[in-house]
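Structural characterization, general
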Amino acid sequence: MRYISLLLPLVLTACATGNWGDGRVAVATASNGQEFGGATCVVMNNAASWNVTTPGTLEIGQAAGELRIVCNKPGYRTSELRLPPYGQSGSSMGVGLGGGSGGVGLGLGFSLPISSGGGSYPPRVVVNMYPL
């Protein structure tokens, strides 16, 4: 039971606002439910990779496989979020990993399948980061 805190899922928040499928993704970071800025993140899919400082918005375009977001900020564990495009058949699932000194956490975040043609990414994601 003492390792439960290491298994807490990273929070992925896909807001209902925004334009699904317009190719833009806003990336934010939070800790203990409070959003904060200044984390550097690498966002990548099967087609390309982008760098963003949170909070920030990227023009990703059409979904090309799994979206992977890796964020770093001094004083916090590195956090990674993986998210398949929405609109694919079946349930979609996001997986988050947090690592660094003090252990690694693994969590699953489930989302509703949304049909939007060839698939798209959510208009906004929040990557939860844990202090060291």
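Position numbers for residues start from 1 in each chain and track the written sequence from start to end. Only residues with pLDDT of 70 or above have their local features reported here, since the model is predicted, and side-chain atom pairs are shown and tallied only from 80 upward, although totals for entire chains, interfaces and linings are computed over all residues. Think of the side-chain values as coming from all heavy atoms in the structure, minus any hydrogens and water.

Observations concerning the pairing of strand β10 (residues 124-128)
Only protein chains enter the accessibility calculation, which uses a 1.4 Å probe. A residue is then buried if its area is under 20% of the maximum for its type, exposed if over 50%, and partly exposed in between. To qualify as a helix, a DSSP run of H or I must reach at least 4 residues; to qualify as a strand, a run of E must reach at least 2; elements of each kind are numbered from the N terminus. Counting buried residues in β10 gives four out of five residues, a clear majority hidden from the surface. Paired strands, as defined in this entry, are two strands with at least two bridges between them according to DSSP. Strand direction decides the pairing type here: strand β1 (residues 24-31) and β10, joined by five bridges, are parallel. By the bridge assignment for β10, A28 is matched with V126.

Describing the side chain of E80
Its place among the elements puts E80 in strand β7 (residues 78-83). In the analysis that follows, any N or O atom pair within 3.5 Å is treated as a polar contact, provided that within protein one partner can donate a hydrogen and the other can accept it, and provided that, for residues neighboring in sequence, both atoms belong to side chains. Engagement of the side chain of E80 in a polar contact is seen with the side chain of R68, the distance being 2.6 Å. Side-chain polar atoms of E80 contact the side chain of R82, separated by 2.7 Å.

With respect to the nonpolar core
Counting 21 residues, the largest nonpolar core has V27, V43, I60, I69 and V125 as the members making the most contacts within it. At three residues, strand β6 (residues 67-72) tops the list of elements feeding residues into this core. Each nonpolar core is a collection of buried residues, namely Ala, Val, Leu, Ile, Met, Phe, Trp, Tyr and Cys, held together in the definition by side-chain atoms within 4.5 Å.

Focus: unusual backbone geometry
Note the cis peptide between T54 and P55, where omega equals -10°. Mapped onto the fold, P55 is located in the loop between β4 (49-53) and β5 (56-59). You will see that N32, though not glycine, has its phi angle at about 50°, which is positive. Here N32 lies in the loop between β1 and β2 (34-36). Overall, N32 belongs to the exposed group, its relative accessible area being 67%.

Description of the confidence of the model for the protein
Confidence of the predictor at the level of single residues is given by pLDDT, which spans 0 to 100. Averaged over all residues, the pLDDT of the protein equals 74, while 61% of them reach at least 70. Whether two residues are in contact is decided by their heavy atoms, any of which lying within 4.5 Å being enough. Below a pLDDT of 50 lies the segment residues 105-117, which in the model reaches 36 contacts outside its immediate sequence neighbourhood of four places, other chains included.

Side note on the state of the cysteines
In plain terms, two cysteine sulfur atoms within 2.5 Å form what is called a disulfide here. A complete count under the given rule lists one disulfide for this structure. One disulfide bridge connects C41 with C71, the sulfur atoms lying 2.1 Å from each other. Where C41 bonds to C71 through sulfur, the torsion about that S-S bond is close to 110°, and the disulfide is right-handed. With C41 in strand β3 (residues 40-44) and C71 in strand β6, the pair connects residues that are 30 residues apart, well separated along the chain. Assigned by exposure class, C41 and C71 land together as buried.

As for the side chain of T54
Tracing the backbone shows T54 in the loop between β4 and β5. In this view, T54 contacts V27, A28, T29, F36, G37, G38, A39 and C41; residues no more than four positions away in its chain are not counted.

Side note on the environment of T78
One can find T78 in strand β7. Accessibility expressed as a relative area gives 33% for T78, which makes it partly exposed. T78 sits 53 residues away from P131 along the chain, and the two C-alpha atoms are 9.5 Å apart. Here the side chain of T78 touches N72 through a polar contact of 2.4 Å, side chain to side chain.

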